[in-house]
Amino acid sequence: MAQVSVKDVTKIFPGDVKAVDRVNLGIENKEFMVLVGPSGCGKSTTLRMIAGLETITDGQIYIGNRMVNDVPAKDRDIAMVFQNYALYPHMTVFENMSFGLKLRHIPKTEIIQRVKEAADILSIKHLLERKPKELSGGERQRVAVGRAIVRKPMVFLFDEPLSNLDANLRVQMRTEIHKLHIKLQTTIIYVTHDQVEAMTMGNRIAVMKDGILQQVADPIAIYDHPKNKFVAGFIGSPPMNFMNGKIIKKDGRMFFDEGKIKVKVVVDMYDKINPYLGKELILGIRSEDIYDKLFVSEAPAENTVRVNCEVYEPMGSEVYLYLNTGKHTFIARVGAHDRPQVNQDIDLVFDMSKVHFFDKDNEETIV
């Protein structure tokens, strides 16, 4: 069994720089776990501590049932795929993939069998006699993955493996890695700063910021129920829109008053919003939950706002509208048929059943 447990793990670099702060994370056997966050959030440091490439300052790391704090990287039964592929330029693809097995004194016939099996899985059999300089970026990436596969490790670790590829190849390779996980049925821990990779690849996502684990859940749960404003803004493209405003009450109904626009809070949220009556908080709404009134039948007047369209950005099947209330800018993602004029005021409808409210002081989710 290849569970990985990270318990109260902390990493402090010289100069009292705390890169990872008491992280607790459990990765199940055969799970695809993605660590995601902005540069400097501690995700790669966490991965390197699991790999044994970085010593931990405090805490415990288990791979299977064995604590590996003091176990050298070569004895942890893991295989790591790096961002720069780390291929030996003077070796052929076959030699690169088999090098680690030779160091372990695996019999030659088994080495050949393992390399050919991995090459079959990755469709690189025709490349085995080439050297890295003769390969494209995507082919080098496959070789690096193949070198990990032949090890038959308990756990695969990927450290931003697609960041050096162009956009189209990234899409193709993330599909290949996802299919590889299904085929190999092994545990994968994958680090990326790209939230699209995280959403499309992971069984679960662990979002990090400033060395602290913010939220761990499956992709849809994180998207629909972010724990705080940071997670809400980091996961999703375009990012969630945020507006500061006050909760006011009128004729027994609650409204969010931004200063220029005002929208009605749905009754189901009253209990959690009531303590903020008369106080400032933050409203969050995703771009797809804002609709053009022209295309909404019976749009409620209380949730309709008039704003200025500053930029119109066609994306093919949909359009991004960059809008301004006079106090805040935000983005609406609407259908391709929606073609407002730039610098024109338009009426939009907020789907108030989909909004999020955040505490202005600690930025934690209220509802």
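If you're wondering where the values come from, they're calculated on a predicted model, not measured in any experiment. (Residues numbered from 1 in each chain as written. Predicted model: local features only at pLDDT ≥ 70, side-chain atom pairs only at ≥ 80, totals over all residues. Heavy atoms only, no water.)

Novice: How should the packing of helix α2 (residues 93–103) against helix α4 (residues 137–149) be read in this particular structure?
Specialist: The relative placement of two packed helices comes down to the angle between their axes together with the axis-to-axis distance. Contact geometry for α2 and α4: axes closest at 8 Å, N-to-C directions at 30 degrees. Relative to α4, the element α2 is oriented roughly parallel. Like other packed secondary-structure pairs, α2 and α4 cross with a definite hand, here right-handed. Residues V93, N96 and M97 of α2 touch α4, and the partners they reach there are V143, G146 and R147. Here the residues of the contact of α2 with α4 are counted per class, giving three nonpolar, two polar and one charged. (Axes fitted to C-alpha atoms, helices over the stretch in contact; angles between N-to-C directions. Helix = DSSP H or I, 4+ residues; strand = E, 2+ residues; numbered from the N terminus. Parallel < 35°, antiparallel > 145°, perpendicular 65-115°, else oblique. Left-handed = near helix turned anticlockwise from the far one by under 90°. Contact = heavy atoms within 4.5 Å. Nonpolar A, V, L, I, M, F, W, Y, C, P; charged D, E, K, R; others polar.)

Novice: Is there a simple way to think about unusual backbone geometry in this case?
Specialist: If a residue is not glycine, its phi is most likely negative; likewise, a peptide bond is most likely trans. Cis geometry marks the peptide bond from S237 to P238, where omega comes out at -5 degrees. Position of P238 relative to the elements: it lies in the loop between α8 (229–234) and β11 (241–250). Its identity as a non-glycine residue notwithstanding, E363 has a phi of 60 degrees, on the positive side. With respect to the secondary-structure elements, E363 resides in the segment after β20 (356–359). Overall, E363 belongs to the partly exposed group, its relative accessible area being 29%. (Buried < 20%, exposed > 50% of the residue type's maximum accessible area, 1.4 Å probe, protein only.)

Novice: Looking at this structure, I do not really get α4. What am I missing?
Specialist: Because each turn of an α-helix spans 3.6 residues, side chains separated by three or four positions in sequence point in the same direction. With 13 residues, α4 should cover 18 Å at 1.5 Å per step; its first-to-last C-alpha distance of 19 Å lies within 8% of that length. Among the residues of α4, those classed as buried are G138, Q141, R142, V143, A144, V145, G146, R147, A148 and I149. Buried-residue contacts for α4 involve β6 (78–81), α2, α3 (108–122), β7 (155–159) and α5 (167–184). (Expected span 1.5 Å × (residues − 1).)

Novice: Please clarify how the layout of surface pockets should be interpreted in this entry.
Specialist: Using a probe with the size of a water molecule, rolled over the atoms, empty space left in the structure can be pinpointed. Counted as a void, the largest pocket has a volume near 480 Å³. In terms of lining residues, the largest pocket is bounded by 22 residues, among which M80, F82, R104, R147 and R151 are the most central. Elements with a minimum of two residues in the lining of the largest pocket: β6, α2 and α4. For the lining of the largest pocket, the leading source of residues is α2, giving six residues. Taken together, the residues of the lining of the largest pocket break down into 16 nonpolar, two polar and four charged. Taken together, 14 residues make up the lining of the second largest pocket; nearest its centre are D224, H225, K354, V355 and H356. Residues that form the lining of the second largest pocket fall into these classes: five nonpolar, four polar and five charged. (1 Å grid on protein atoms, 1.4 Å probe; cavity = no way out; pocket = protein on both sides within 12 Å on 5 of 7 lines; lining within 4 Å. Points joined across faces, edges and corners; volume = space filled by probe spheres on them.)

Novice: What is the right way to read the sheet that holds strand β3 (residues 32–36) from this model?
Specialist: One open sheet accounts for six strands, arranged β6-β7-β8-β3-β9-β10; its pairing is mixed. Unpaired on one side and paired on the other, β6 and β10 (212–217) mark the two borders of the sheet. Looking at each pair of strands side by side, their axes are set apart by 15 degrees on average, direction ignored. Sheet analysis places β7 next to strand β8 (residues 187–192), joined by five bridges and oriented parallel. Residue V155 lies in a different strand from β8, and its bridge partner there is T187. (Pairing = 2+ DSSP bridges.)

Novice: When you look at the nonpolar core in this model, what are you seeing that I'm missing?
Specialist: The nonpolar side chains of a soluble globular protein tend to be buried with one another. Counting residues in each nonpolar core, the largest one holds 47 residues, and the members touching the most others are V36, M97, F158, Y190, V207 and I235. Setting aside residues up to four positions removed in sequence, F158 forms contacts with L47, V81, V145, I177, I188, I189, Y190 and V191. Core analysis: the second largest hydrophobic core is formed by 31 residues, F256, I273, C309 and F350 among them. (Core = buried A, V, L, I, M, F, W, Y, C linked by side-chain atoms within 4.5 Å.)

Novice: Just to check I follow, could you spell out the side chain of H181 for this structure?
Specialist: As for its position among the elements, H181 is in helix α5. Overall, the relative accessible area of 7% leaves H181 in the buried class. One polar contact links the side chain of H181 to the main-chain carbonyl oxygen of T186, over a distance of 3.1 Å. Setting aside its immediate chain neighbours within four residues, H181 contacts K30, E31, F32, T186, I188 and N203. (Polar contact = N/O pair within 3.5 Å; in protein donor to acceptor, adjacent residues only side chain to side chain.)

Novice: Looking at this structure, I do not really get the pattern of salt bridges. What am I missing?
Specialist: When their charged atoms lie close together, side chains carrying opposite charge are able to pair. Using the criterion set out here, one finds 17 salt bridges in the structure. For E54, the salt bridge identified is with R48, shortest N-O distance 3.6 Å. Ionic pairing is found between D120 and K125, a salt bridge with its closest N-O pair at 3.8 Å. In the salt-bridge network here, residues are joined through shared partners; they are K11, R48 and E54. (Salt bridge = Lys/Arg side-chain N within 4 Å of Asp/Glu carboxyl O.)

Novice: How do you make sense of the packing of aromatic side chains when you look at a structure like this?
Specialist: Taken as a whole and judged by the stated rule, the model has eight aromatic pairs. Aromatic side chains F330 and F350 sit 5.9 Å apart centroid to centroid with 80 degrees between the ring planes, which places their arrangement in the edge-to-face category. Placement of F330 in strand β18 (residues 329–335) and of F350 in strand β19 (residues 344–350) is noted, with a sequence separation of 20 residues between them. Each member of the pair, F330 as well as F350, carries the same accessibility label: buried. (Phe/Tyr/Trp six-rings, centres within 6.5 Å; stacked < 30°, edge-to-face > 60°.)

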